[in-house]
There are 2 protein chains.
Amino acid sequence: MSSAQSFKQLPHKLLVIPGPIEVSDDVLFANAHPSMSHVSPDFIPVFGDCIRMTRKVLFTKNGQPFLIAGSGTLGWDQVSANLIEPGDDVLVLHSGYFGDSFADCLTTYGANVDQVKAEIGAAVAIPEIEKALKSKKYKAVTFTHVDTSTGVLSDAKAVASIVRRVSPETLVVLDGVCSVASEEIQMDDWDIDVVLTASQKGLGVPPGLSILVASERAIKTFESRQKPVTSYYASWKKWLPIMKAYENGNPAYFATPPVNLIYAYQASLKSITESSVSLEERFKLHREASKKVKAAAQELGFKQVPLDPDFAANGMTALYYPDGLAASDILPRLVKRDIVVAGGLHALIKDKYFRIGHMGITAVESQRGDIEKVIDSLKDTLAEAKAAK
Amino acid sequence: MSSAQSFKQLPHKLLVIPGPIEVSDDVLFANAHPSMSHVSPDFIPVFGDCIRMTRKVLFTKNGQPFLIAGSGTLGWDQVSANLIEPGDDVLVLHSGYFGDSFADCLTTYGANVDQVKAEIGAAVAIPEIEKALKSKKYKAVTFTHVDTSTGVLSDAKAVASIVRRVSPETLVVLDGVCSVASEEIQMDDWDIDVVLTASQKGLGVPPGLSILVASERAIKTFESRQKPVTSYYASWKKWLPIMKAYENGNPAYFATPPVNLIYAYQASLKSITESSVSLEERFKLHREASKKVKAAAQELGFKQVPLDPDFAANGMTALYYPDGLAASDILPRLVKRDIVVAGGLHALIKDKYFRIGHMGITAVESQRGDIEKVIDSLKDTLAEAKAAK
């Protein structure tokens, strides 16, 4: 008979891409929970727990979480279909691949999108945002907190603050797919209206769960919209009563939630919000792991994609290949050492760089030795690659 | 160290609702697979396998599967956003709750929907469909193969055949959420254009995967649409190249697939399409299990919701409570016996009936004794409930 104590996941290569990330045995065991009715009195409180703990991770008291089967991308559809009405102006701050994609999604739902694009490796500068905000009244401003394609970290607090100062009614939408639970997000204090993310990055759960939290301002905007919501599956008209029912311990049905992933999410949220490692400590451990990787990479001669160290993510590192070396010199040699990193994603530099993820248990549970393994393997790989030239 | 051989799921109540259903230890163990990159050479062939085996289950040679993180409901959005253009006429055949919901979804995306509603417990009669088809040119006809709210089974072959005869260009859309892998569906032979389903019913996987297969005719309709697709996350413009890439063994990225669920789906598909029990035998075993449950229920005095035995699902049974008894007399007593069935769902008769699921391993693996357990518990429960009055 398997039990949570005896379950150990199969041996496997160390997965250090910027999501999916390594997940704990506890979380995987929860993902193998026996089938449960999605409206049973045993499952409803589990869903309710996940809603409450999601708030904790984002330091929000009254934010409304939505937990829906889907990938992180579904969060963009939720924003576009529920908060934006056809013809609304939206400002997208672009610090990599995911800015274009979010803009594409918004346009699909009829938004008029303006993008302010930073150069590759940079976040959009605050004065640029101020200028754009003064030129037009935007319904919403969106930004990618950590753009997974560049490893650029935007200053979420500063972005929210300039929006609130120049255009107080504009909604601030933070794409936190690659930042929630690995970077600090003070949703209430910084006055952010939407944080959207997915299960498979800092939150340490297998992929398949779209997680979004909407502020009271966002919910009001949604409730006072003039035109009908333009999606069915992503409609908060459908989901809001369901989320409230689950939180209040009542059964409700719109579409079947991903029951096992909810158990897995609960297991991970417990270790994130109720363990001896506080959230503050968790962010600090991510910063420290990140510093170690970045310092070692620098020492080895790798140049980071982010131009300014203050705007580099703490949950991942994006590195250019050294002169004369390419993906084929580095990545297969890392795989040979059982280390799986990710290739490039940003179209303009795709073949020139690679990405290392260090989120969740890889950053927090130092006894695993993941960070050291990554650094040592990178060192050996580089030496071997150079010797082979 | 856990292994596929040693993994046993935790003891739990027998889940016999019309989905999620009981799933095997193999499938749950696959759902606890260590984290894998969604574009790794180890994972891509797994996804490709799932695409190929999905075709087998539906007896289609060239149908195009879409496997996307989401609930079954997302299949309606896929149909509405990709195949229907605002202003198109769609005919919805209504045999229960899910007809109204699919109509609601289609309307959200701008379709003009006509519904032909059968009385509760019946499927829409073929002459009614013929009459509707002759009154207007419809872009698509949708029907719920098994309406989970009533247990009514529509005659998919006959529906497709009348559409093809009267209105050859009209797309035939089969909502197979509660029928795929428990009822026979000959997608090519019957000439059905879309079959949409979810992972947690006959396919025997935890919930969280939207599974849809589109015929060549449907893909042509999609490719020749005049207006842009009206969803981002559900857009086949985004997903079609991804599905083709995965099937051809190449990495591709639009949104992160639910990697663990894909492993679980592969494990279940293998047992469905490659085990000693053929698909034909599987459907026969579902019919036999269904007959046993229905015969026992009849003997005990329960009346079925479906009016005609030929139009009753083989994967579930919907039963009215006997006169003088209510949900509170039956359901808690079944739970006390570790049997979880489902209450009513159809608004007009919600408190008057309950539903038993008998799909997947519950129907196919007779050595589990699930069917006997259900029948015996129903017998004891009824006796106890009557004695308590």
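Calculation rules
Residues numbered from 1 in each chain as written. Chains lettered and ligands numbered in written order. Predicted model: local features only at pLDDT ≥ 70, side-chain atom pairs only at ≥ 80, totals over all residues. Heavy atoms only, no water. UniProt positions renumbered as here; feature names shortened; annotations may be inferred. Helix = DSSP H or I, 4+ residues; strand = E, 2+ residues; numbered from the N terminus. Rg over C-alpha atoms; globule rule 2.2 N^0.38 Å. Buried < 20%, exposed > 50% of the residue type's maximum accessible area, 1.4 Å probe, protein only. Contact = heavy atoms within 4.5 Å. Areas by Shrake-Rupley, 256 points an atom, 1.4 Å probe, with all protein chains shown as cover. Buried area = accessible area lost by both parts, 1.4 Å probe. Salt bridge = Lys/Arg side-chain N within 4 Å of Asp/Glu carboxyl O. Polar contact = N/O pair within 3.5 Å; in protein donor to acceptor, adjacent residues only side chain to side chain. Nonpolar A, V, L, I, M, F, W, Y, C, P; charged D, E, K, R; others polar. Pairing = 2+ DSSP bridges. Core = buried A, V, L, I, M, F, W, Y, C linked by side-chain atoms within 4.5 Å. Phe/Tyr/Trp six-rings, centres within 6.5 Å; stacked < 30°, edge-to-face > 60°. Least-squares fit on C-alpha atoms with pLDDT ≥ 70 in both.

- As named in an unreviewed UniProt entry, chain A is alanine--glyoxylate transaminase, taken from Paramarasmius palmivorus.
- The Sequence similarities (unreviewed entry) comment attached to chain A in UniProt states, word for word, "Belongs to the class-V pyridoxal-phosphate-dependent aminotransferase family."
- Under the heading Cofactor (unreviewed entry), UniProt records this for chain A: "pyridoxal 5'-phosphate".

1. Section: the overall build of chain A
Then, in step 1: Regarding its fold elements, chain A presents 14 helices and 14 strands.
Then, in step 2: Taken over the C-alpha trace, chain A has a radius of gyration of 21 Å; the compact-globule value for 389 residues is 21 Å, and the two agree within 12%.
Then, in step 3: Projected onto the principal axes, the alpha-carbon positions of chain A cover approximately 65 × 60 × 35 Å.
Then, in step 4: Counting all 389 residues of chain A, 65% fall into the buried class.
Then, in step 5: Put simply, of all contacts in chain A between residues at least 6 apart along the chain, 71% involve residues at least 24 apart.
Then, in step 6: In the form shown here, chain A has an accessible surface area of approximately 13800 Å², with 51% of it arising from carbon and sulfur atoms.

2. A short note on the interface of chain B and chain A
Then, in step 1: With 63 residues of chain B at the contact, the number on the chain A side is 63 residues.
Then, in step 2: Buried surface at the junction of chain B and chain A, both sides included, amounts to about 4600 Å², of which 63% is carbon and sulfur.
Then, in step 3: Here Lys13 of chain B and Asp42 of chain A are joined by a salt bridge, their closest N and O atoms 3.7 Å apart.
Then, in step 4: Where chain B meets chain A, there are 15 residue pairs in polar contact (both at pLDDT 80 or more).
Then, in step 5: Counting residues per element, the ones that place at least two in the side of chain B that touches chain A are α1 (25-31), α3 (73-82), α4 (97-108) and α10 (259-273) of chain B.
Then, in step 6: Among the elements that take part in the side of chain B that touches chain A, α4 of chain B stands out by supplying six residues, more than any other.
Then, in step 7: When its residues are assigned to classes, the side of chain B that touches chain A shows 34 nonpolar, 22 polar and seven charged.

3. A look at the sheet that holds strand β12 (residues 316-320) of chain A
In any sheet, the strands associate via hydrogen bonds between backbone groups, in a parallel or an antiparallel arrangement.
Residue and element names in this part refer to chain A.
Then, in step 1: As summarised here, the arrangement of the three strands in space is β11-β12-β14, forming an open sheet in which the pairing is antiparallel. Two strands close off the open sheet at either side, each with one partner strand: β11 (303-304) and β14 (353-357).
Then, in step 2: Pairing of β11 with β12, which is carried by two bridges, proceeds in the antiparallel orientation. In the sheet register, Lys303 faces β12, and the bridge partner there is Tyr320.

4. Regarding the UniProt feature "modified residue: N6-(pyridoxal phosphate)lysine" (unreviewed entry) in chain A
All names here are of chain A.
Then, in step 1: Following the UniProt record, the feature "modified residue: N6-(pyridoxal phosphate)lysine" (unreviewed entry) maps to Lys201 here.
Then, in step 2: Here Lys201 lies in the loop between β9 (194-198) and β10 (209-214).
Then, in step 3: Among residues more than four places away in sequence, those in contact with Lys201 are Pro18, Gly19, Ile21, Thr148, Val177, Cys178 and Met359.

5. A look at the nonpolar core
Then, in step 1: With 218 residues, the main nonpolar core has Phe66 and Ile192 of chain A together with Phe66 and Ile192 of chain B as its most contacted residues.
Then, in step 2: Leave out the neighbours within four places in its chain, and Phe66 of chain A touches Gln78, Ser210, Ile211, Leu212, Ala214, Ile219, Trp236, Trp239, Leu240 and Met243 of chain A.

6. So, the environment of His358 of chain A
Residue and element names in this part refer to chain A.
Then, in step 1: Considering the arrangement of structural elements, one finds His358 in the loop between β14 and α13 (361-364).
Then, in step 2: When the C-alpha atoms of His358 and Ala103 are compared, they prove to be 28 Å apart, with 255 residues separating the residues in sequence.
Then, in step 3: In this structure, His358 is in contact with His286, Ser290, Val293, Lys294, Asn314, Gly315, Met316, Thr317, Ala363 and Ile371, ignoring residues within four places of it in sequence.
Then, in step 4: Of the polar contacts made by the side chain of His358, one reaches the backbone oxygen of Asn314; its length is 3.2 Å.

7. Topic: the packing of aromatic side chains
Then, in step 1: In this structure the tally under the stated criterion is 39 aromatic pairs over all chains.
Then, in step 2: Measuring from ring centre to ring centre gives 6.0 Å for Phe7 of chain A and Phe7 of chain B, while their planes differ by 80°; the resulting arrangement is edge-to-face. Taken together, the residues Phe7 of chain A in the segment before β1 (14-15) and Phe7 of chain B in the segment before β1 (14-15) connect one chain to another. One exposure class covers both Phe7 of chain A and Phe7 of chain B, and it is buried.
Then, in step 3: Aromatic pair Phe43 of chain A and Phe47 of chain A: ring centres 6.1 Å apart, planes at 85°, arrangement edge-to-face.
Then, in step 4: By way of ring pairs, the aromatic residues Trp76, Tyr97, Phe98 and Phe102 of chain A together with Tyr232, Tyr233, Trp239, Tyr253 and Phe254 of chain B are connected into one cluster.

8. A short note on the relation of the copies chain B and chain A
Then, in step 1: Mapping chain B onto chain A calls for a screw motion: a turn of 180° about the axis and a shift of 0.0 Å along it, with 0.0 Å RMSD after fitting. Classification of the inter-copy transformation places it as that of a two-fold axis. Proximity to the rotation axis, assessed at the C-alpha, singles out Gly70 of chain B in chain B; its C-alpha lies 2.2 Å from the axis.
Then, in step 2: Mapped onto chain A, 100% of the interface residues of chain B are again interface residues, and the two copies thus contact each other with one and the same surface.

9. Description of the side chain of Ser154 of chain A
Residue and element names in this part refer to chain A.
Then, in step 1: Summarising the element assignment, Ser154 is placed in the loop between β7 (152-153) and α6 (156-166).
Then, in step 2: A residue is classified by how much of its surface remains accessible, and Ser154, at 8% relative accessible area, is buried.
Then, in step 3: From its side chain, Ser154 meets the backbone oxygen of Thr144 in a polar contact 3.5 Å long.
Then, in step 4: Among all residues touching Ser154, those that are not within four sequence positions of it are Ser95, Ala123, Phe143, Thr144 and His145.

10. A closer look at the UniProt feature "domain: Aminotransferase class V" (unreviewed entry) in chain A
Then, in step 1: When the UniProt feature table is mapped onto this chain numbering, "domain: Aminotransferase class V" (unreviewed entry) sits at residues 30-348 of chain A.
Then, in step 2: Overall, residues 30-348 of chain A shows 41% helix and 16% strand. The separation of its end C-alpha atoms is 40 Å.

11. Some details on the pairing of strand β12 (residues 316-320) of chain B
All names here are of chain B.
Then, in step 1: Of all five residues in β12, five are buried, a share of seventy percent or more.
Then, in step 2: A two-sided burial pattern is seen for β12, the buried positions comprising Met316, Ala318 and Tyr320 on one face and Thr317 and Leu319 on the other.
Then, in step 3: As judged from the five bridges shared by β12 and strand β14 (residues 353-357), these two strands associate in the antiparallel manner. Bridge pairing in β14 places Thr317 opposite Ile356.

12. Topic: the pattern of salt bridges
Close approach of charged atoms allows side chains with opposite charge to pair.
Then, in step 1: Considering all chains together, one arrives at 44 salt bridges over all chains under this definition.
Then, in step 2: Glu384 of chain B is paired through a salt bridge with Arg337 of chain B; the nearest N and O atoms lie 2.8 Å apart. Placement of Glu384 of chain B in helix α14 (residues 370-388) and of Arg337 of chain B in the loop between α12 (327-336) and β13 (339-340) is noted, with a sequence separation of 47 residues between them.
Then, in step 3: Take Glu384 of chain B: its relative accessible area is 26%, and that puts it in the partly exposed class.
Then, in step 4: Assessed through its relative accessible area of 24%, Arg337 of chain B is described here as partly exposed.
Then, in step 5: Residues participating in the shared-partner salt-bridge network are Arg164, Asp191, Asp193 and Arg217 of chain A.

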